[in-house]
Amino acid sequence: MDIIITAVITGIVCLGAGFFGGVIYRKKVAEAEIGSAETQARKILEDGIKAAETKKKEALLEAKEEILKTKNEFELELKERRSELTRQERRAQTKEETLDRKTEALEKKDEALTKKLKETTELNEQIEKIKQEQFENLQKIAGMTAEEATAKLIAQLEGEIKHEQAMKITELEAQFKEEADEKAREIIALAVQRCAADHVSEITVSVVPLPSEEMKGRIIGREGRNIRTIETLTGVDLIIDDTPEAITVSSFDPVRREVARLAIEKLISDGRIHPTRIEEMVEKARKEVDTTIKQAGERATFETAIHGINPELVKLLGRLKFRTSYGQNVLAHSIEVALISGMIADELGVDNTLAKRAGLLHDIGKALTQEVEGSHVQLGVEIARKYKESKEVIHAIEAHHGDVEAQTITALIVQAADAISAARPGARRENIENYIKRLTKLEEIANEFDGVEKSYAIQAGREIRIMVKPEIVDDDQMTIIARDVVKKIESELEYPGQIKVHIIRESRAIDFAK
């Protein structure tokens, strides 16, 4: 028991001694570690202080170097700016010196100019004085005032201008003719050759053959009632004379004349001739003529390949079958003008259909000239407007005789084609009285001009030769007179084709050797 207690106590004592010894050991170890840590801390602190001192020194060195660098750059820039300022001061000084020299030179020039201006003014005064003296001397020598000399100079200039004008006109005409004549001849010749048509002169009377002389008395009727009825219903004159077995129907209205002719032929065939039967036959003849007129108009549009014409206009076109102009059938003339216009338009590269349409309708007014007052041109324009024809066609109708100036190529083509058709040999005829009147009027127009000695209408009125006085009319004035005569002929005369105006001036010097 005591051993156990002793052992326990011994154990406890040993444990206590071991615990106390461990505590002491740990304390010493801890104190040693603390001492080591303090030593390390002091070392680290000393190292940090040394590093900080080193960084501080390095930073100070860098700062000093940067300050030194900036200072050097500043001093270099300052030096450059001072150098630039010095150069600018030198340039400014140089410019100032140059400006001073120029100012001094300008002042000298101004003084010189002022001096010269004064001298010039004095010289001008002297020149004006001498000019006035010379002018007065010239007036005394020439015996003319300034106004008279001016008038003479103007007259001289007018003469020179007239000369230049005549020369220019001659030059331009020669140039244009040289370029245009050959082409125009080719186009017109081709159109005429391709549309070669026969011409038959129309007359204003119709002759109705009779089966016997006894038929004349039946047509006259008892106390002339039958012939009066025929003349009243048809508006024609029946001429019954000594011509065997024939009656002449006379009227300037071709449609009435045709109606009367057909009615008489029907009455002769029927054999019953009395007023009632005459009325029936006249009415039938009118219907036949209306049908013929319509067919003639349609045939004309078919021959010319013109479509879309108003039916009433086609009827008026057919009436031209019974209308003549200087003995030329107007419908045949219109068809020919349409064909020629189309061919010329093809050669010139313009609208073929429009040219043919204008050519076909150009004389449409002649269908009403026997019934309505006015020229066929005015009536044609009104008819074309009424039936809604185009402006180009209306203008061509209005301009085909020169009543207005042609403004389109179509109007000019129709003018040319109309002149070609009307001027063909045998196309038209005139009675001797009208022919002589036209030639006389042509010569009268030429004789109205100053300087004209004699004039002669030749070539059936297609040319007029004018003899001028050489002492009054010079070569330049001849050209001007020719153009004036042409303009007056165009404004006062109606004629087919064209008229050539030929001016002749001749100077002769005669002397005798003795």
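Because the structure is predicted, anything quoted here is derived from the model rather than measured.

Reading the values: the criteria
Residues numbered from 1 in each chain as written. Predicted model: local features only at pLDDT ≥ 70, side-chain atom pairs only at ≥ 80, totals over all residues. Heavy atoms only, no water. Helix = DSSP H or I, 4+ residues; strand = E, 2+ residues; numbered from the N terminus. Buried < 20%, exposed > 50% of the residue type's maximum accessible area, 1.4 Å probe, protein only. Areas by Shrake-Rupley, 256 points an atom, 1.4 Å probe, with all protein chains shown as cover. pLDDT = per-residue confidence, 0-100. Contact = heavy atoms within 4.5 Å. Polar contact = N/O pair within 3.5 Å; in protein donor to acceptor, adjacent residues only side chain to side chain. Salt bridge = Lys/Arg side-chain N within 4 Å of Asp/Glu carboxyl O. Phe/Tyr/Trp six-rings, centres within 6.5 Å; stacked < 30°, edge-to-face > 60°. Lys NZ or Arg CZ within 6 Å of the ring centre and 35° of its normal. Pairing = 2+ DSSP bridges. Axes fitted to C-alpha atoms, helices over the stretch in contact; angles between N-to-C directions. Patch = residues over 30% accessible without salt bridge, like charges linked within 9 Å, V, L, I, M, F, W, Y side chains within 5 Å. Lys, Arg positive; Asp, Glu negative; His and termini not counted. Charge placed at Lys NZ, Arg CZ, Asp CG, Glu CD. Parallel < 35°, antiparallel > 145°, perpendicular 65-115°, else oblique. Left-handed = near helix turned anticlockwise from the far one by under 90°. Nonpolar A, V, L, I, M, F, W, Y, C, P; charged D, E, K, R; others polar. Core = buried A, V, L, I, M, F, W, Y, C linked by side-chain atoms within 4.5 Å.

Looking at the overall build of the chain
(1) Moving on: Looking only at helices and strands, one finds 14 helices and eight strands in the chain.
(2) Moving on: Within the chain, the proportion of its 514 residues that are buried is 29%.
(3) Moving on: Per element, the accessible surface of the chain, about 34900 Å² overall, is 55% carbon and sulfur.

Concerning the confidence of the model for the chain
(1) Moving on: Here the chain shows a mean pLDDT of 80. Residues at 70 or above account for 87%.
(2) Moving on: Note on residues 196-202: pLDDT under 50 across the span, and 18 contacts to partners over four residues away in sequence or across chains.

So, the side chain of asparagine 329
(1) Moving on: Locating asparagine 329 in the fold gives a position in strand 5 (residues 328-329).
(2) Moving on: From its side chain, asparagine 329 meets the backbone oxygen of lysine 321 in a polar contact 2.8 Å long.

Thoughts on the pattern of salt bridges
(1) Moving on: Across all of its chains, the model carries 17 salt bridges by this definition.
(2) Moving on: Two residues, arginine 91 and glutamate 84, come together in a salt bridge whose shortest N-O distance is 3.6 Å.
(3) Moving on: Among the ionic pairs, aspartate 475 bridges to arginine 505, the shortest N-O distance being 3.0 Å. With aspartate 475 in helix 14 (residues 475-492) and arginine 505 in strand 8 (residues 500-505), this pair connects stretches of sequence that are 30 residues apart.
(4) Moving on: Residues participating in the shared-partner salt-bridge network are Asp270, Arg272, Arg277 and Glu280.

What to know about helix 9 (residues 352-361)
(1) Moving on: Along helix 9, eight of the 10 residues are buried, which leaves the element largely enclosed by surrounding structure.
(2) Moving on: Of all the residues in helix 9, the buried ones are Leu354, Ala355, Lys356, Arg357, Ala358, Gly359, Leu360 and Leu361.
(3) Moving on: Its side-chain oxygen placed 3.1 Å from the backbone nitrogen of threonine 353, aspartate 351 serves as the N-cap of helix 9.

With respect to the packing of aromatic side chains
For any pair of aromatic rings, the description consists of the separation of the ring centres together with the inter-plane angle of the planes.
(1) Moving on: In total, this model carries zero aromatic pairs according to the counting rule given.
(2) Moving on: The ring of phenylalanine 449 has lysine 488 sitting right over it, with the charged end atom 5.9 Å from the ring centre.

Examining the sheet that holds strand 6 (residues 452-458)
(1) Moving on: If you walk across this open sheet you meet the three strands as 6-7-8, and the pairing is mixed. The open sheet terminates on both sides in strands that have one partner only, identified here as strand 6 and strand 8. Direction aside, the axes of adjacent strands within the sheet are offset by 20° on average.
(2) Moving on: Note: strand 6 against strand 7 (residues 463-468), six bridges, orientation antiparallel. Directly across from tyrosine 456, in strand 7, lies its bridge partner arginine 465.
(3) Moving on: Along the sheet face, helix 14 touches strand 7 and strand 8 and points at about 150° away from the line of strand 8.

Let's talk about helix 7 (residues 311-319)
(1) Moving on: The complete set of buried residues in helix 7 reads Leu313, Val314, Leu316, Leu317, Gly318 and Arg319.
(2) Moving on: For helix 7, the secondary structure elements touched by its buried residues are helix 5 (254-270), helix 6 (275-304), helix 8 (330-348), helix 9 and helix 10 (376-386).
(3) Moving on: Capping of helix 7 at its N-terminal end is provided by asparagine 310; its side-chain oxygen lies 2.9 Å from the backbone amide nitrogen of glutamate 312.

Topic: a negative patch on the surface
(1) Moving on: Judged by side-chain charge, Glu58, Glu62, Glu65, Glu66 and Glu73 come together as a negatively charged surface patch.
(2) Moving on: In this fold, glutamate 73 is placed in helix 1 (residues 2-142).
(3) Moving on: Accessibility expressed as a relative area gives 47% for glutamate 73, which makes it partly exposed.

Quick notes on the pairing of strand 3 (residues 246-250)
(1) Moving on: Across the five residues that make up strand 3, a large majority, four, are buried.
(2) Moving on: In this structure, strand 2 (residues 237-239) lies alongside strand 3, joined through three bridges in antiparallel fashion. Residue pairing for strand 3: isoleucine 239 is matched across the bridge by threonine 248.

Focus on the packing of helix 4 (residues 225-234) against helix 6
(1) Moving on: The contact between helix 4 and helix 6 brings their axes to 10 Å, and the two run at 30°. Our classification of the angle between helix 4 and helix 6 gives roughly parallel. Judged by the twist between their axes, the crossing of helix 4 over helix 6 is right-handed. Between helix 4 and helix 6, the contacting residues are Arg225, Asn226, Thr229, Ile230, Leu233 and Thr234 on the first element and Pro275, Ile278, Glu279, Val282 and Arg286 on the second.
(2) Moving on: Taken together, the residues of the contact of helix 4 with helix 6 break down into five nonpolar, three polar and three charged.

With respect to the nonpolar core
(1) Moving on: Counting 33 residues, the largest nonpolar core has Leu313, Leu316, Leu317, Leu360 and Ile364 as the members making the most contacts within it.
(2) Moving on: When residues of this core are traced back to their parent elements, those giving at least two are helix 6, helix 7, helix 8, helix 9, helix 10, helix 11 (391-399) and helix 12 (409-423).
(3) Moving on: No other element matches the five residues that helix 11 contributes to this core.
(4) Moving on: When residues no more than four places from it in sequence are discounted, the contact partners of leucine 313 are Leu361, Ile364, Ile383, Tyr387 and Glu389.
(5) Moving on: Grouped together as the second largest cluster of nonpolar side chains are 26 residues, Ile247, Leu267, Ile268 and Ile278 included.

As for unusual backbone geometry
(1) Moving on: One non-glycine residue, glutamate 223, lies in positive phi territory at about 55°.
(2) Moving on: Of note in the backbone geometry, alanine 305 takes a positive phi value of approximately 60° without being a glycine.
(3) Moving on: Looking at the secondary structure, you find alanine 305 in the loop between helix 6 and helix 7.

Considerations on the side chain of asparagine 226
(1) Moving on: You can see asparagine 226 is positioned in helix 4.
(2) Moving on: Not counting chain neighbours up to four residues away, the residues in contact with asparagine 226 comprise Arg218, Ile219, Ile220, Gly221, Ile273, His274, Pro275 and Ile278.

Digging into a nonpolar patch on the surface
(1) Moving on: There is a patch of nonpolar side chains on the surface, built from Ile5, Ile9 and Val13 and spanning about 260 Å² of accessible area.
(2) Moving on: For isoleucine 5, the position within the fold is in helix 1.

Overview of the environment of isoleucine 344
(1) Moving on: Relative to the assigned elements, isoleucine 344 resides in helix 8.
(2) Moving on: Given a relative accessible area of 6%, isoleucine 344 falls into the buried group.
(3) Moving on: On a C-alpha basis, the gap between isoleucine 344 and alanine 355 in space is 8.7 Å, while along the polypeptide they are 11 residues apart.

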